[in-house]
Amino acid sequence: MMDVKITLRLFIVLAVCILHKSSAESAFFWHVTDFHYDPTYWTSQLSCNDVVPKPGMYGDYWCDSNWRLVEDSIFNMAAIKSDVAFVIWTGDSVAHIHDNETSLASNVEILQNITNSLKKVFDKNVRFLPSLGNHDFYPSDQADVKQHEMYNKTAQVWQDWITDEKELEQFVKGGFYTMELSPKLRLMSLNTNLYYTKNKITKNMKDPAGQFAWMKNVLEKARNDSEKVIVTAHVTPGVLTPNFVSWMYSDHHTSYVDILTEYHDVIVASHYGHDHSDGFKIIQDEKNDSQAVPQFVAPSVTPWRFRVGSLTGKPHNPGIRLVEFDKATGKHLNYVQYYINLTDSNENKETNWTKLYDFRKTYNVTDMSIQSIRTILDKMTPNNEVSKALAQAYCNNALVSSANKECTEKNRFEIVCGGKHYDLDEAKHCVDVMMAVGASSCVRIHLTCVIISLLMTIVVKFVS
């Protein structure tokens, strides 16, 4: 009888282990963004922000991608790992070229060519989930709020990918759609170009293209159906870290974040492009940090450096990202960032796409959850060797580089504050407080730092 009980217990333990293993089966997806293909790279170099007398075989830091770099990045995604569940492509395939040198037809042709390249190297069973970027539109940045020729033509290019007829019709109306990935997991591809501060069409609109209302309907249904949702889009909410920039109109930004945080229990993660840099942060309610969504930004394929007035962007290398997730729950487990050193690639006349970093190993966390990001930001807050090392890794990765880049104390504070505050003013105030107190005792910004800030304000008022 004792043997039977032992055997039964062993059977139960084995069964539980098997069920746990099957429920935690992981899969992978690629995230690629901001190809910014410049067809004039070898001739008039219309995207280049400086004179490039000897353009490199794989590109130049002053210019957008040539076709060789575009195809090489796509080919190497498949070469590194072809058996993926899907590929997300978060827009901006057209170069930084003035509208008088481009057209709707030329923009759509670029989208078609990149679409063809992706189809060519990946198996037909791999799903592709694309989004539009602000430079994909003609005129640039002007995402329309109604059915437009841009949406119609892009829908024709992507009709093999957006296979649900209802969702294809939705895309034609406003450039966004949703797609079921598995019985309890879906992806929501959004058109955040509608909220971009360079979009003149939508500046004074409350809900451009009705996307806010549509988002709430999709997320509410997902909640009721016990589904989890992955959000993808081009233009990022929150602030670019380090070196603060906010991309969205204030009212649109608040409305967008309010929806994300309201459905924090449904959204497992969000992925964006646009920044041309590597980064991650928490998008959370400023008054209730339990309502939070993890956000990840992938670096661009283009190495293009911006130049706006006296400001010039730092050189950064091309990158592609491989993400591991739980197939059943959508929980994000890890990602590996791959890159090429553009200088070496040009000198050697060949690329070597290598691992830049592993998210879990570099930041010493267990997964890509809110809790893990909080752990990273909390460890980065006090003034010690651990915090400095983590900030240095973030600064290097932001520029897609294995070499140490400039990373000041203020940069560290910007990473922490921008990582926790989506509102630009709140993030700046947070940095001011951390600079004032040195962050030595500020393990959690909303507690110690806020209290110190209030005390300092009272003292200043009393003295004055």
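First, a word on scope: everything that follows refers to the structure included in this document. Along every chain, residues carry numbers that run from 1 in the direction the sequence is written. Per-residue local features are limited, in this predicted model, to residues with pLDDT of at least 70; the limit for side-chain atom pairs, both in listing and counting, is 80 or more; totals at the level of whole chains, interfaces and linings are taken over all residues. The basis for every side-chain value is the complete set of non-hydrogen atoms in the structure, without hydrogens or water.

### Observations regarding the overall build of the protein chain
Looking only at helices and strands, the protein chain features 14 helices and 14 strands. Put simply, of all contacts in the protein chain between residues at least 6 apart along the chain, 70% involve residues at least 24 apart. Starting at the N terminus, helices and strands are each numbered in turn, a helix being any DSSP run of H or I of at least four residues and a strand any DSSP run of E of at least two. Whether two residues are in contact is decided by their heavy atoms, any of which lying within 4.5 Å being enough.

### Remarks on the packing of aromatic side chains
Pairing of aromatic rings covers Phe, Tyr and Trp, the last counted by its six-membered ring, and requires centre-to-centre distances within 6.5 Å; plane angles under 30 degrees mean stacked, over 60 mean edge-to-face, and any other angle means tilted. Per the counting criterion, the structure on display carries 28 aromatic pairs. Residues phenylalanine 296 and phenylalanine 359 carry aromatic rings whose centres are separated by 6.0 Å and whose planes lie at 85° to one another, so their mutual orientation is edge-to-face. Note that phenylalanine 296 is positioned in strand 9 (residues 288-297) and phenylalanine 359 in helix 9 (residues 359-363), a separation of 63 residues in sequence. Under the relative-accessibility criterion, phenylalanine 359 is labelled buried at 0%. Whether a residue is buried, partly exposed or exposed follows from its accessible area with a 1.4 Å probe, protein chains only, as a fraction of its type maximum: under 20%, in between, or over 50%, in that order.

### Here's the deal with the sheet that holds strand 2 (residues 86-89)
Sheet architecture is open: six strands sit in the order 3-2-1-12-13-14, paired in mixed fashion. Unpaired on one side and paired on the other, strand 3 (127-130) and strand 14 (354-358) mark the two borders of the sheet. Ignoring which end each strand starts from, the neighbouring axes of this sheet average 25° apart. Bridge analysis of strand 1 (residues 26-32) against strand 12 (residues 319-326) gives six bridges, and the strand direction is antiparallel. At least two bridges found by DSSP between two strands is the condition for calling them paired. Only the stretch in contact is used when fitting a helix axis, every axis being a line fitted to C-alpha atoms; angles between N-to-C directions are given from 0 to 180 degrees.

### Observations concerning the nonpolar core
What is meant by a nonpolar core is a set of buried Ala, Val, Leu, Ile, Met, Phe, Trp, Tyr and Cys residues, joined one to another through side-chain atoms within 4.5 Å. Phe122, Tyr256 and Phe359 are the most contacted members of the largest nonpolar core, which has 120 residues in total. Excluding anything up to four places from it in sequence, phenylalanine 122 contacts Trp30, Ile74, Met77, Ala78, Lys81, Ser82, Val84, Val87 and Phe128. Counting residues in hydrophobic clusters, the runner-up holds five residues, among them Tyr41, Cys48, Val52 and Cys63.

### Brief notes about the pairing of strand 8 (residues 279-285)
Counting buried residues in strand 8 gives six out of seven residues, a clear majority hidden from the surface. Pairing geometry for strand 8 and strand 9, over seven bridges, is antiparallel. Opposite glycine 279, over in strand 9, you have valine 297 as the bridge partner. The hairpin turn running from strand 8 into strand 9, its antiparallel successor, is two residues long.

### Some thoughts on the sheet that holds strand 5 (residues 185-189)
Strand pairing in a sheet takes place through backbone hydrogen bonds and is either antiparallel or parallel in direction. Spatial ordering of the open sheet is given by 4-5-6-7-9-8, a layout of six strands whose pairing is mixed. Two strands in the sheet have a free side with no partner beyond their single neighbour: strand 4 (177-182) and strand 8. Each adjacent strand pair in this sheet contributes to an overall mean axis angle of 25°, direction not counted. Where strand 5 and strand 6 (residues 228-232) come together, five bridges link them in parallel fashion. By the bridge assignment, methionine 188 is partnered in strand 6 with valine 231.

### Observations concerning a nonpolar patch on the surface
The grouping of Phe306, Val308 and Leu311 at the surface amounts to a nonpolar patch, some 290 Å² of accessible area in total. Within the element layout of this structure, leucine 311 appears in strand 11 (residues 311-312). With relative accessibility at 55%, the residue leucine 311 sits in the exposed group. Patch membership needs two things, relative accessible area over 30% and no salt bridge, and members are linked within 9 Å if like-charged or within 5 Å if nonpolar (Val, Leu, Ile, Met, Phe, Trp, Tyr). For the accessible areas, the method is Shrake-Rupley and the probe is 1.4 Å, while residue cover comes only from the protein chains on display. A pair is scored as a salt bridge if a Lys or Arg side-chain nitrogen falls within 4 Å of a carboxyl oxygen belonging to Asp or Glu.

### Quick word on the packing of helix 4 (residues 149-157) against helix 5 (residues 165-174)
It is the contact of helix 4 with helix 5, at a shortest axis distance of 7 Å, that shows an interaxial angle of 145°. Taking contact as the criterion, the partners of Tyr151, Asn152, Thr154 and Ala155 in helix 4 are, on helix 5, Leu168, Phe171, Val172, Lys173 and Gly174. Under the scheme applied, nonpolar residues are Ala, Val, Leu, Ile, Met, Phe, Trp, Tyr, Cys and Pro; charged residues are Asp, Glu, Lys and Arg; polar residues are all the others, including Gly. Here the residues of the contact of helix 4 with helix 5 sort into five nonpolar, three polar and one charged.

### A word on the state of the cysteines
Here, two cysteine sulfur atoms that lie within 2.5 Å of each other are counted as a disulfide. Tallied over the entire structure, the rule returns three disulfides. The disulfide that involves cysteine 48 links it to cysteine 63, with 2.0 Å between the sulfurs. In this structure the cystine formed by cysteine 48 and cysteine 63 twists about its S-S bond by roughly 110°; its chirality is therefore right-handed. In this pair, cysteine 48 is assigned in the loop between strand 1 and helix 2 (67-80) and cysteine 63 in the loop between strand 1 and helix 2, connecting sequence segments 15 residues apart. The pair cysteine 48 / cysteine 63 is uniform in exposure class, with both members buried. Through a disulfide, cysteine 395 is tied to cysteine 407; the S-S separation comes to 2.1 Å. Given an S-S torsion of about 55°, the disulfide between cysteine 395 and cysteine 407 has right-handed geometry. With cysteine 395 in helix 11 (residues 385-398) and cysteine 407 in the loop between helix 11 and helix 12 (409-420), this pair connects stretches of sequence that are twelve residues apart. Residue classification places cysteine 395 among the buried positions, given a relative accessible area of 5%. A relative accessible area of 22% places cysteine 407 in the partly exposed class.

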